[in-house]
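Remarks on the overall topology
As a plain string of letters, each chain reads:
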Amino acid sequence: MNCYKFNFLILFTLPCFLFGQDNIISEFKIEFIIFKYTDFETNETFKSTLEIPYEDIIYLSDQNSLKKEFKYSNFSNMSNYYKNLFSNNGLILSKLPEPIFRDSSDLNILEKLKNKINQNPEYQLIDTKSWIQTIPSLESSKFLHYEDIKNYGFFLKLYKKRFMHIDLKSYLGTFDNSNNKTNIFIDVKKRIFDNEIHFFDHPHFGVIVSISGI
């Protein structure tokens, strides 16, 4: 019972300790909206295919995700994730992994935009996601991958060089083991700033991302 209580305290108090100190780690809340255009016209042909990463991936898994493996998920095994931070001498911050993700279930910045999309017949809201994470250097950054039963997915990596950057690969459809290809996708890398709303467009769908420091 005492061991269970100790692990329980680690799970809920350690993030507050680590992230509450500005000189150690900064956290950012990420909010994500994906939607379809209900009536689109384009003369473009989409013959190219999305190149997806196969290394340095962390999986976001929830009740709607197609990937149910938790081996690499920072969301799903938080207590085990922190066990290697402690020794007989206490907390070892040098063992802190990067980046660190924490789940979040609500939208703040993008809530009004989500409601406007829902009310506009020109758009069809597909889904919204939100989470909290640290944003490390490019060398320590990893892609967060999510694929949903609503027939969409994304790879999202945020990192810092001199400025903050985003690497987003979002797509409609799914990847299977026999044919990991899709030609309806957004693939963009760009410099960004926090506390801004970023819109990424495709003739079939759009993605809105908010990154705000907390």
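Residues numbered from 1 in each chain as written. Predicted model: local features only at pLDDT ≥ 70, side-chain atom pairs only at ≥ 80, totals over all residues. Heavy atoms only, no water.

Description of the environment of Tyr123
Relative to the elements of secondary structure, Tyr123 occurs in strand β6 (residues 123-134). Separated by 86 residues in the primary sequence, Tyr123 and Tyr37 have C-alpha atoms spaced 4.7 Å apart. Sequence-distant contacts of Tyr123, defined by excluding residues within four places in its chain, comprise Phe35, Lys36, Tyr37, Thr38 and Ile117. (Helix = DSSP H or I, 4+ residues; strand = E, 2+ residues; numbered from the N terminus. Contact = heavy atoms within 4.5 Å.)

With respect to the pattern of salt bridges
According to the stated counting rule, one finds 9 salt bridges in the structure shown. Across the pair Lys150 and Asp127 runs a salt bridge, and its minimum N-O distance is 3.7 Å. Pair noted here: Lys150 is in the loop between β7 (143-148) and β8 (152-160) and Asp127 is in strand β6, with a separation of 23 residues, a long-range link. According to the relative accessible area criterion, Lys150 is partly exposed, its value standing at 37%. Residue classification places Asp127 among the buried positions, given a relative accessible area of 12%. The partner of Lys150 in a salt bridge is Asp148, and the shortest N-O contact between them spans 3.5 Å. A single network of salt bridges, built from pairs that share partners, joins Asp127, Asp148 and Lys150. (Salt bridge = Lys/Arg side-chain N within 4 Å of Asp/Glu carboxyl O. Buried < 20%, exposed > 50% of the residue type's maximum accessible area, 1.4 Å probe, protein only.)

Overview of the sheet that holds strand β12 (residues 205-213)
In space, the 5 strands of this open sheet follow the order β5-β6-β1-β12-β11, with antiparallel pairing throughout. Either end of the sheet is taken by a strand with one partner, and the two such strands are β5 (101-104) and β11 (196-201). For this sheet, the mean inter-axis angle between neighbouring strands, taken without regard to orientation, is 20°. Where strand β1 (residues 27-37) lies against β6, 11 bridges are found, and the strand directions are antiparallel. Considered in β6, the bridge of Glu31 is made with Ser130. Those strands touched by helix α3 (residues 111-119) are β1, β6, β11 and β12, and its axis lies near 165° from that of β6. (Pairing = 2+ DSSP bridges. Axes fitted to C-alpha atoms, helices over the stretch in contact; angles between N-to-C directions.)

Quick word on the nonpolar core
Formed by 28 residues in total, the largest nonpolar core has its most connected members in Phe32, Trp131, Leu168, Val207 and Ile211. For this core, the secondary structure elements donating two or more residues are β1, β6, β7, β8, β9 (164-172), β10 (185-192) and β12. Not counting residues up to four positions away in its chain, the partners in contact with Ile211 are Phe28, Lys29, Ile30, Ile135, Leu158, Met164, Ile192, Asp194, Asn195, Glu196 and His198. Core analysis: the next-biggest nonpolar cluster, separate from the first, contains 9 residues, Leu50, Ile57, Phe143 and Phe185 among them. (Core = buried A, V, L, I, M, F, W, Y, C linked by side-chain atoms within 4.5 Å.)

Side note on unusual backbone geometry
Backbone geometry places Asp56, a non-glycine residue, at a positive phi of 55°. Following the sequence through the fold, Asp56 ends up in the loop between β1 and β2 (57-59). In this structure, Asn195 is a non-glycine residue whose phi angle is positive, near 60°. Tracing the sequence through the fold places Asn195 in the loop between β10 and β11.

Quick notes on the environment of Gln124
Of note, Gln124 is situated in strand β6. When its relative accessible area of 43% is taken as the criterion, Gln124 is described as partly exposed. The sequence separation of Gln124 and Tyr37 amounts to 87 residues, and the corresponding C-alpha distance is 6.3 Å. In contact with Gln124, not counting residues within four places along its chain, are Phe35, Lys36 and Thr38.

Quick notes on the confidence of the model for the chain
The share of residues in the chain with pLDDT of 70 or more is 68%, and the mean pLDDT across the chain is 79. Per-element averaging of pLDDT across the chain places helix α1 (residues 2-19) at the bottom with 41 and α3 at the top with 97. Counting contacts from residues 1-14, a segment whose pLDDT is below 50, to residues more than four positions away or on other chains yields 10 contacts. Low pLDDT (under 50) marks residues 16-23, which in the prediction has 14 contacts with non-local residues, meaning those over four places away or in another chain. (pLDDT = per-residue confidence, 0-100.)

As for the pairing of β12
Counting buried residues in β12 gives 8 out of 9 residues, a clear majority hidden from the surface. As defined by bridge partners, β1 adjoins β12 across 9 bridges and the pair is classed as antiparallel. Bridge pairing in β12 links Glu31 to Ser210. As paired elements, β11 and β12 share 6 bridges and run antiparallel to each other. Bridging across to β12, Phe200 finds its partner in Val207. Connecting β11 to the next strand, β12, in antiparallel fashion are 3 residues.

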